[in-house]
Each structure stands twice: as structure tokens, then as C-alpha cells.
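Coordinate inspection notes
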Amino acid sequence: MWKYIGTKECNEFLLSLNLFNCKDKKKYIKTIYSISNNIEKNYKIYKIKKRNGKYRTIYEPNPLLKQIQNKILINILNNKSISKYAKSCHKGISLKDNALPHTNKDIVLKLDIKNFFENITFLDIYNTCFQIEYFPKSVGMILTYLCTYNDHLTQGSPTSPYISNVVMKSFDEELGTWCNFNNISYTRYSDDMTFSGNFNPHEVIIKVRKMLYKLGLELNDKKTHVINKSSRQYITGIVVNKKVQVNVNYRKKIRQEIYYIKKFGLNSHLKKCNINIEPSKYLNILYGKILYILQVNDEDKEFKEYKKFIAKLKS
């Protein structure tokens, strides 16, 4: 389709995508080429500490690149289909949707893909998201550059999560079909894969390892967990033994905070607990935690009352 397209037509195609607000056509094209040719200069890189004491590298795009990536996400990527087994980073899907298929099961197997984003390559992205059937080759290459750093996905770019779902679609469908045949529930939340039912975990691990190998991916064996029904079964922070429910300690902490606010008053509570943030910001954080619990279980009468209480304080 794009066999005889030239530079002028490619530039017109880029202009039609309206990747950022710029009325000057020449400046628009020059900026797009400049950013895509010097992509590493348009990121701020820093590390944040994880719970296990190790560090996660974050690649934060500058404001203009972030605007461009958001336009790519909204205008291009969101129109691409993903598998029903992918339960993260798309509209209308929550942590609860990832947990529900695994409720009240004999065995829960949790697997993790090692260095997930870093091992999704430039060619993986080009061939699944910006392929030549829909984009002139040079435009597809530019769009791929705009969504990568050093030829791989990054944690920090708004496009990375959805791109990973598009790249993994065929994998998810093939694995999901195999799991259905073997009466196993399967979901994937970014790099976290969950399997549940009554099955031999070793057989699933072998199957997944072989399939990932074909994609240039591998399992993080340190994060492989088999959880029987007799133990507390967690999936992305949600307990699924009998019904979906947020961690009891998480709920207990919020319950305690509400108690202290009612007993001492908001300002005194913050002072006694040495919480050095603005009361309004503290209430917003607490309100968000309550909404998360109600998102998982919208019939929780206790936390419905807490929601009303904090909403009244906020107002």
C-alpha cells in the first residue's frame, strides 16, 4: 500500500496524527524528527526503592514527549485489540477483574516475567503496533522510536503498558486456550501471570517457560509462588480464598485512622502520629484508599460509612 510513498506524503501522514499542538507545519515536522532521532535526551531517569530493598528504574519523558505519547496512546494504540486475559492498563479494567477468576480455587500459581518492559524490543513494538499494513514504514519507525528508549519499552512512559498488552496478545490467546482446555483459569496483569484451579503447577511452569522463550522472555524464578487453599491466597494485593477482599491489615490500618480522627479530631490525629502533610492532602489519600476497598467490594457497609465520613470532612 505504501510502496511508492515519498517524504512529502510521510510528513503529511505525520501531520494528520496531530501528535502535539503546533500550528506551524514545518516546526511540527522538525520537532517530531528531532525528538525521534535523539530520544534518550528527552527522558529523565531516576530510581525508586521497592519493598524488597532493590530499586526500580523509572524513565520519565519530558512534557512534550509525554504529550506526544499520550496522543499516540489515545489516537492509535487504544484502537488496537488486546486479549481478554490481559487485566491491566486499559479502560474499564481493575485489580478486581484480575482477581475474580481465581476466587475459591484449590491452587493459585503466580508467575513473574523477568525484566518485562526491558525485553520488549523495538521490532516487537513495530511489528505489532505500527506495522506497514497501516503506516508508511518511516512513520511506523518514528512512532516506535517515540515510544521506546534504547530500543525497548520503559517504565514511566504512558504508552508502555498498553503496548505490552498488544505485543502479548498472541501469547495470551494461545496460553488462555491451553488453560481453558485444561480447566485452568488464567489472567495476566502486566508482568504478573496468575493461574488457578486443580492442576500440576510444574506442567504449567514448563508450558509458560517454553512460550516465553519464543518471545525472548523468561520467568523470574524467584517470584514463582504456589499457594494452596489452606493458605491465604493473594493476587495483586487482593485475597481470593472465598471472595475478593482487600488485605486485612490494609483494612485494619484505615479503620484505625478513622477511629483516631473521630476520637482526637483531624489535626490532633496528624500531630500525634507525626504526619507532616496538609490535612486536605491527607484526607485525599485516605479517601482514595477507601475507594480502592469499595472498588474491590462495593457492598462493604463499614467502608461505605467511612467514605461518607471522609467526604464530609473534605467538604
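So, here is what we can say about the structure in this document. (Residues numbered from 1 in each chain as written. Predicted model: local features only at pLDDT ≥ 70, side-chain atom pairs only at ≥ 80, totals over all residues. Heavy atoms only, no water.)

**Re the overall build of the protein**
Check the secondary structure of the protein and you find 13 helices and nine strands. Judged by the C-alpha coordinates and their principal axes, the protein covers about 70 × 50 × 35 Å. By residue count, 44% of the 315 residues in the protein fall in the buried class. Considering only contacts within the protein whose residues lie at least 6 apart along the sequence, 68% involve residues at least 24 apart. (Helix = DSSP H or I, 4+ residues; strand = E, 2+ residues; numbered from the N terminus. Buried < 20%, exposed > 50% of the residue type's maximum accessible area, 1.4 Å probe, protein only. Contact = heavy atoms within 4.5 Å.)

**As for the sheet that holds strand 6 (residues 225-228)**
Ordered in space as 4-5-3-6, the four strands form an open sheet in which the pairing is antiparallel. Looking along the sheet, the strands with just one partner apiece sit at the ends: strand 4 (185-189) and strand 6. Going across the sheet, the axis of each strand differs from the next one's by a mean of 15 degrees, ignoring polarity. Pairing of strand 4 with strand 5 (residues 192-197), which is carried by five bridges, proceeds in the antiparallel orientation. Residue tyrosine 189 lies in a different strand from strand 5, and its bridge partner there is aspartate 192. Packed onto the sheet, helix 8 (residues 169-181) meets strand 4 and strand 5 and runs at close to 155 degrees relative to strand 4. (Pairing = 2+ DSSP bridges. Axes fitted to C-alpha atoms, helices over the stretch in contact; angles between N-to-C directions.)

**Quick look at helix 2 (residues 25-37)**
For helix 2, which comprises 13 residues, the first-to-last C-alpha distance of 18 Å matches the rise-based estimate of 18 Å (1.5 Å per residue) to within 8%. Burial in helix 2 covers these residues: Tyr28, Ile29, Thr31, Ile32, Ile35 and Ser36. The arc that holds the buried residues of helix 2, viewed along the axis, is 160 degrees, so those residues lie on one side. Every exposed residue of helix 2 that faces more than 90 degrees away from the buried side is listed here: Lys26, Lys27, Lys30 and Asn37. In the core, the buried residues of helix 2 are packed alongside helix 1 (7-17), helix 3 (63-75) and helix 6 (137-146). (Expected span 1.5 Å × (residues − 1). Arc of directions from axis to C-beta.)

**Here we look at the pattern of salt bridges**
Scanning the model with the defined rule gives seven salt bridges in all. For arginine 255, the salt bridge is made with glutamate 302, and the minimal N-O distance between the two is 2.5 Å. Of the two residues, arginine 255 sits in helix 10 (residues 248-264) while glutamate 302 sits in helix 13 (residues 301-314), which places them 47 residues apart along the sequence. In this structure arginine 255 comes out as partly exposed when scored by relative accessible area, which is 31%. Put simply, lysine 308 and glutamate 305 hold a salt bridge, and the shortest N to O gap is 3.7 Å. Placement of the pair is lysine 308 and glutamate 305 together in helix 13, with a separation of three residues, close to one helical turn. (Salt bridge = Lys/Arg side-chain N within 4 Å of Asp/Glu carboxyl O.)

**Side note on the nonpolar core**
In this structure, Ile72, Phe130, Leu143, Leu146, Met193, Phe195 and Val208 are the most contacted members of the largest nonpolar core, which totals 60 residues. Per-element accounting of this core gives the leading share, five residues, to helix 9 (residues 201-214). Listed in part, the 26 residues of the second largest apolar core include Leu283, Ile293, Leu294 and Tyr306. (Core = buried A, V, L, I, M, F, W, Y, C linked by side-chain atoms within 4.5 Å.)

**Focus on the sheet that holds strand 9 (residues 245-246)**
The strands that make up a sheet are held in pairs by hydrogen bonds between backbone atoms, and each pair lies either parallel or antiparallel. In space, the three strands of this open sheet follow the order 7-8-9, with antiparallel pairing throughout. Because the sheet does not close on itself, it has two edges, and the strands there are strand 7 (234-235) and strand 9.

**So, the packing of aromatic side chains**
In this structure the tally under the stated criterion is 13 aromatic pairs. Centroid distance tyrosine 43 to tyrosine 149: 5.3 Å. Interplanar angle 85 degrees. Geometry classified as edge-to-face. Separated by 106 residues along the polypeptide, tyrosine 43 in strand 1 (residues 43-49) and tyrosine 149 in the loop between helix 6 and helix 7 (160-167) bring together distant segments of the chain. In this pair, the class of tyrosine 43 matches that of tyrosine 149, namely buried. Members of the aromatic cluster, each reached through a chain of ring pairs, are Phe13, Phe130 and Phe135. (Phe/Tyr/Trp six-rings, centres within 6.5 Å; stacked < 30°, edge-to-face > 60°.)

Everything listed here is a matter of coordinates, which is why it stays silent on function.
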